[in-house]
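Residue-level listing of the chains:
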2 protein chains.
Amino acid sequence: MASLNIGDAAAAAGVSAKMIRHYEEIGLIPKAKRSYSGYRTYSENEVHLLRFIRQARGLGFSIRQIGELLGLWQNSRRSSATVKKLALEHIGELEEKIREMLAMKATLERLAAHCHGDHRPECPILDELSGPAPAGQVRSGKSGRS
Amino acid sequence: MASLNIGDAAAAAGVSAKMIRHYEEIGLIPKAKRSYSGYRTYSENEVHLLRFIRQARGLGFSIRQIGELLGLWQNSRRSSATVKKLALEHIGELEEKIREMLAMKATLERLAAHCHGDHRPECPILDELSGPAPAGQVRSGKSGRS
DNA sequence: CTTGACCTTCCCATGGGGGCAAGCTTCATC
DNA sequence: GATGAAGCTTGCCCCCATGGGAAGGTCAAG
């Protein structure tokens, strides 16, 4: 079985060598075996593991979630319900972020639509950014201590 | 003309004192004047500036973009076209991220829909993560020392 | 033997913060 | 005037996930 150096393992798995070392350091993957001279060596199994991580990162899972997914992946007595729950949790997070960004985008588009975008300095975008006061107002006394 | 300490300026602007120091350190805002004893002091103008930053952060602008927006805000000879361009650039970035996350979400939803979510271990989600090999394959000759 | 590609560890940077600690300053209250 | 409690100062470490680079060891080919 071909034993690969980190660079080849990285290329085979589609991640950077840097990240492999990082994943090892944070305990996401077990410590790689070392050659006599100290080089990390990787087997097909470990490349497969790295590929799994790459796929999960591509779907936006966090490192913590990937750790859980790896545990499930390697546990033949897992229940698919546990995996599905993790996926649904992540879908919820994605939805939340998407909602936030859509709201930002909508506001920006509204402002941009009202901006002439010409040589004149008047600009509703800057007005909006400088305008609306937040909830907290400046309190009249100096420093509100006790 | 109330001159505020950092905590009160932070409350008035809706940002944390920590971030005010940070913005000063990275040069986003000018260095605050100091009282005799070394406390940072803030005028209404500076609170207004901080409020501007808070608004811009709320719309997802990066620190770099906010720096540019601040320059435009304080330049009475700006053209609204420049501001609009910055806003449109940011809208484009948001769209890109939204697209990526929608794609992740769609994939996850497809996988989750095919997952029984019961006590059994079989799970198409894990299959997908472990399955598809990336484009790059193990190269035969390159540096395969073993 | 030399070259150069690879590997090792270590430190630094990113963005946008949070938190804690030691030591001052300020202020209200006794 | 003393005291205690907030508030301020700086500085350092942490998060996530990653990239960059320096200084030095290793290995295979020419």
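Overview of the structure. (Residues numbered from 1 in each chain as written. Chains lettered and ligands numbered in written order. Predicted model: local features only at pLDDT ≥ 70, side-chain atom pairs only at ≥ 80, totals over all residues. Heavy atoms only, no water.)

**Some words on the overall build of chain A**
As a reminder of what qualifies: Elements are defined by DSSP. Helices are runs of H or I of four residues or more, strands are runs of E of two residues or more, and each kind is numbered from the N terminus. Any residue under 20% of the maximum accessible area for its type is buried, any over 50% is exposed, and the rest in between are partly exposed; the area is computed with a 1.4 Å probe on protein chains only. We call two residues in contact when some of their heavy atoms are within 4.5 Å. In this description, accessible areas are obtained by the Shrake-Rupley approach with a 1.4 Å probe, and a residue is regarded as covered only by the protein chains that are shown.
Helix and strand counts for chain A come out as six helices and two strands. When the helices and strands of chain A are placed in sequence order, the string is α-α-β-β-α-α-α-α. Taking all 146 residues of chain A together, the buried fraction comes to 40%. Partitioning the intrachain contacts of chain A with sequence separation of at least 6 by distance along the chain shows that 47% fall at a separation of at least 24. Surface exposure of chain A reaches about 8200 Å², of which carbon and sulfur atoms provide 53%.

**Some details on the state of the cysteines**
As a reminder, the rule being used: Counting rule for disulfides: a pair of cysteine sulfur atoms within 2.5 Å.
Applying the stated rule across the entire model yields zero disulfides over all chains. Distance from the sulfur of A:Cys115, which forms no disulfide, to the nearest cysteine sulfur (A:Cys123) is 3.7 Å.

**Points about the interface of chain A and chain B**
Worth spelling out the cut-off: The term buried area refers to how much accessible surface (probe radius 1.4 Å) is lost by two components on association, counted for both of them together. Salt bridge, as used here: a side-chain nitrogen of Lys or Arg that lies within 4 Å of a carboxyl oxygen of Asp or Glu. Counting of polar contacts relies on pairs of N or O atoms within 3.5 Å, with two restrictions inside protein: one atom must be capable of donating a hydrogen and the other of accepting it, and residues adjacent in sequence are counted only when both atoms are side-chain atoms. Three categories are distinguished: nonpolar for Ala, Val, Leu, Ile, Met, Phe, Trp, Tyr, Cys and Pro, charged for Asp, Glu, Lys and Arg, and polar for the others, with Gly belonging to the last.
With 71 residues of chain A at the interface, the matching set in chain B holds 69 residues. A buried area of about 5800 Å², summed over both sides, lies between chain A and chain B, and 68% of it is on carbon and sulfur atoms. Interface area lost by chain A to chain B is led by A:Leu108, A:Leu126 and A:Leu129, which between them contribute 12%. Taken together, the connections running from chain A to chain B amount to two salt bridges. Linking chain A to chain B there are 16 residue pairs in polar contact (both at pLDDT 80 or more). Broken down by secondary-structure element, the contributors of at least two residues to the side of chain A that touches chain B are helix H1 (6–13), helix H3 (44–58), helix H4 (63–73), helix H5 (80–113) and helix H6 (124–130) of chain A. Residue contributions to the side of chain A that touches chain B peak at 21 residues, all from H5(A). Residue composition of the side of chain A that touches chain B, grouped by class: 35 nonpolar, 19 polar and 17 charged.

From the geometry alone we can't say anything about function, so treat these as descriptive.
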